[in-house]
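Results of the structural survey
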Amino acid sequence: MTQSVIPVNLPQNAYEIALASDSLDRLGAWIKSLHLGHKVMLVSNPTVFGYYGKRAIASLETAGFEVHLHLFNDGEAYKTLDSVAQLYDKALAAGLERNSTFIALGGGVVGDMTGFAAATWLRGIGFIQIPTTLLAMVDASIGGKTGVNHPQGKNLIGAFYQPRLVLIDPTVLQTLPEREFRAGIAEVIKYGVIWDAGLFRQLEDARHLANPSHLSNPLLHEILMRSCQAKAEVVGQDEKEAGLRAILNYGHTIGHAVESLTGYTELLHGEGVAIGMVAASRLAVALNLWSAEDDARQTQVIEKAGLPTRIPEGVEIEAIIAKLQTDKKVKDGRVRFVLPTRIGNATVSDRVDNELIRDTLTQLQPLTVNR
Ligand code: NAD
Ligand code: GLY
């Protein structure tokens, strides 16, 4: 059995990402080795719990933990303070103590909310991430960004709070809907472009990228490991996004704008990121920061993954430009873009003017079919 342990080297909050097939059944033993208290609250949603809840509980109970359970409703719409308040009520009723642990079993929604609850309950209790979507495995579960949405915007309420362990069992991806898998691949492509040229070449060489059952187990393991390593290395150098960590927002500037303008219902986050990466890449070509050839290589990989490369029908370019001004990354009124410089490297720039954005987005308008 292939097993990798990737360290997240943070001076105050170091932890490991453990990646191994069927590690879900060894969850109890892994947590036991961290010497946390004996009470744990498993937090999931009905979908994920239906698939994997019994195995997680059995492993925890076998290791001697007193297991409590809370299920959030499934979906981004429930990523709210109200949902977190329900978890606080459950924690109170269960008598969780400072040395107790919340264990998030699910995608980014469950992970972000459970992490925020862990950061705030009793001013901070133990927290473990067991990500079950590809996006959560390679991105959301690592690095300590936790939080919930405000009616006026996504992730406006939150805290940096690192987990004590991230446990990844790639076999759970077999039940993940294919579209969700592809959305996660967008973040994997991101790491290849901004950080790890070797990973990018592996993605180029792979025959299929759109479905986990088309990837061999060793290739899936390698893709997961390199992506987690990329995220761990960036976060290890800049935990609170003072500088370098901003490169993880590659594709997210235009991506967030199109996600928001389509009401967060039409596009999955990774699909928005894919469109955003195509846009940022074109901006970088126009600014002579990187080559048209690398731009074409990136587009090819994104297309192979079955991800969108054009702005969705009905989204106006001027609306995107206006939306960019409300981006969290705007500084002193200037929109900041992460732009690739070569495969495996990126920079942050606030020198992209609206005229260039307009020209670039015009190239990415949906293709119209003449009848
Ligand atoms: P999600 O958590 O909504 O999961 C997607 C769907 O897949 C859900 O319906 C879920 O129930 C289902 N699911 C999960 N695992 C499954 C499995 N193994 N088998 C079958 N179904 C499964 O979506 P997501 O893409 O994982 O996460 C998106 C969230 O993550 C957003 O709220 C976003 O803001 C957040 N996020 C956070 C960070 C961070 O750094 N904290 C980074 C990126 C995204
Ligand atoms: N998902 C971006 C970050 O963690 O910084």
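Okay, so let's go over this structure. (Residues numbered from 1 in each chain as written. Chains lettered and ligands numbered in written order. Predicted model: local features only at pLDDT ≥ 70, side-chain atom pairs only at ≥ 80, totals over all residues. Heavy atoms only, no water.)

Once that is clear, we can look at the side chain of Q162. For Q162, the location among the structural elements is in the loop between β8 (153-160) and β9 (165-168). Of the polar contacts made by the side chain of Q162, one reaches the side chain of Y15; its length is 2.7 Å. Reaching out from Q162, the side chain makes a polar contact with the backbone nitrogen of G144 at a distance of 3.3 Å. Apart from the residues lying within four places of it in its own chain, the contact partners of Q162 are L10, N13, Y15, F127, G143, G144, V235 and E239. (Helix = DSSP H or I, 4+ residues; strand = E, 2+ residues; numbered from the N terminus. Polar contact = N/O pair within 3.5 Å; in protein donor to acceptor, adjacent residues only side chain to side chain. Contact = heavy atoms within 4.5 Å.)

What follows is about the pattern of salt bridges. For side chains bearing opposite charge, pairing can occur when the charged atoms are close. In this structure the tally under the stated criterion is 18 salt bridges. Between K190 and E187 there is a salt bridge whose closest N-O contact spans 2.9 Å. Pair noted here: K190 and E187 are both in helix α6 (residues 178-194), with a separation of three residues, about one helical turn. Judged on exposure class, the residue K190 and its partner E187 are both buried. Salt bridges linked by common partners bring D22, D25, R55 and D169 together as one network. (Salt bridge = Lys/Arg side-chain N within 4 Å of Asp/Glu carboxyl O. Buried < 20%, exposed > 50% of the residue type's maximum accessible area, 1.4 Å probe, protein only.)

Viewed as axis vectors pointing N to C, α6 and helix α10 (residues 269-286) meet at an angle of 40 degrees, and their least axial separation amounts to 7 Å. Looking at the two axes, α6 sits oblique to α10. For the pair α6 and α10, the sense of crossing is left-handed. Note on element contacts: α10 touches α6 through H269, G270, E271, V273, A274 and M277, opposite R179, A183, A186, E187, I189 and K190. (Axes fitted to C-alpha atoms, helices over the stretch in contact; angles between N-to-C directions. Parallel < 35°, antiparallel > 145°, perpendicular 65-115°, else oblique. Left-handed = near helix turned anticlockwise from the far one by under 90°.)

This part is about empty space enclosed by the protein. In total, this model carries two cavities of 30 Å³ or more according to the counting rule given. One number sums up the size of the largest cavity: a volume of about 40 Å³. Split by residue class, the lining of the largest cavity holds three nonpolar, one polar and two charged. What the second largest cavity holds in volume is close to 30 Å³. Along the walls of the second largest cavity sit N249, G251, H252, T253, I254, G276, A280, F337 and V338, which together make up its complete lining. Breaking the lining of the second largest cavity down by element, the ones donating at least two residues are α9 (252-261), α10 and β10 (337-342). It is α9 that provides the largest number of residues to the lining of the second largest cavity, a total of three residues. For the lining of the second largest cavity, the residue count by class is four nonpolar, five polar and no charged. (1 Å grid on protein atoms, 1.4 Å probe; cavity = no way out; pocket = protein on both sides within 12 Å on 5 of 7 lines; lining within 4 Å. Points joined across faces, edges and corners; volume = space filled by probe spheres on them. Nonpolar A, V, L, I, M, F, W, Y, C, P; charged D, E, K, R; others polar.)

Tracing the backbone through its elements, the reader meets K231 in helix α8 (residues 217-237). Each C-alpha atom, one on K231 and one on G143, is 7.5 Å from the other, the two residues being 88 residues apart in sequence. Here K231 is in contact with V138, D139, I142, Y191, R245 and L248, once residues within four sequence places are set aside. Engagement of the side chain of K231 in a polar contact is seen with the side chain of D139, the distance being 2.7 Å.

For the rest of this paragraph, the subject is the packing of aromatic side chains. Taken as a whole and assessed by the stated rule, the structure comprises two aromatic pairs. Between Y51 and Y52, the ring centres sit 5.7 Å apart and the planes meet at 35 degrees, which makes this aromatic pair tilted. A relative accessible area of 8% places Y52 in the buried class. The interplanar angle of 20 degrees and the centroid separation of 5.6 Å between the aromatic rings of Y88 and W121 together place this pair among those described as stacked. (Phe/Tyr/Trp six-rings, centres within 6.5 Å; stacked < 30°, edge-to-face > 60°.)

Turning to the site of ligand 2, a few remarks are in order. By nearness alone, every residue bordering ligand 2 is listed as D139, K145, K231, E241, R245 and L248. The side chain of K145 places a nitrogen or oxygen atom 2.9 Å from an oxygen atom of ligand 2. Residue classes in the shell around ligand 2 are distributed as one nonpolar, no polar and five charged. (Near = heavy atom within 4 Å.)

With mixed pairing, the seven strands of this open sheet are ordered in space as β1-β2-β9-β6-β5-β3-β4. At either end of the open sheet lies a strand with only one pairing partner, and these are β1 (3-8) and β4 (66-71). Taken over all neighbouring pairs, the strand axes of this sheet differ in orientation by 20 degrees on average, direction set aside. Strand direction decides the pairing type here: strand β3 (residues 39-44) and β4, joined by six bridges, are parallel. Paired with L42 across the bridge in β4 is L69. Where helix α4 (residues 108-120) meets the sheet, it contacts β3, β5 (101-106) and β6 (126-131), and its direction lies at approximately 170 degrees from that of β5. Contacts between α8 and the sheet are confined to β1, β2 (15-20) and β9, with β1 contributing the most and set at about 10 degrees to the helix. (Pairing = 2+ DSSP bridges.)

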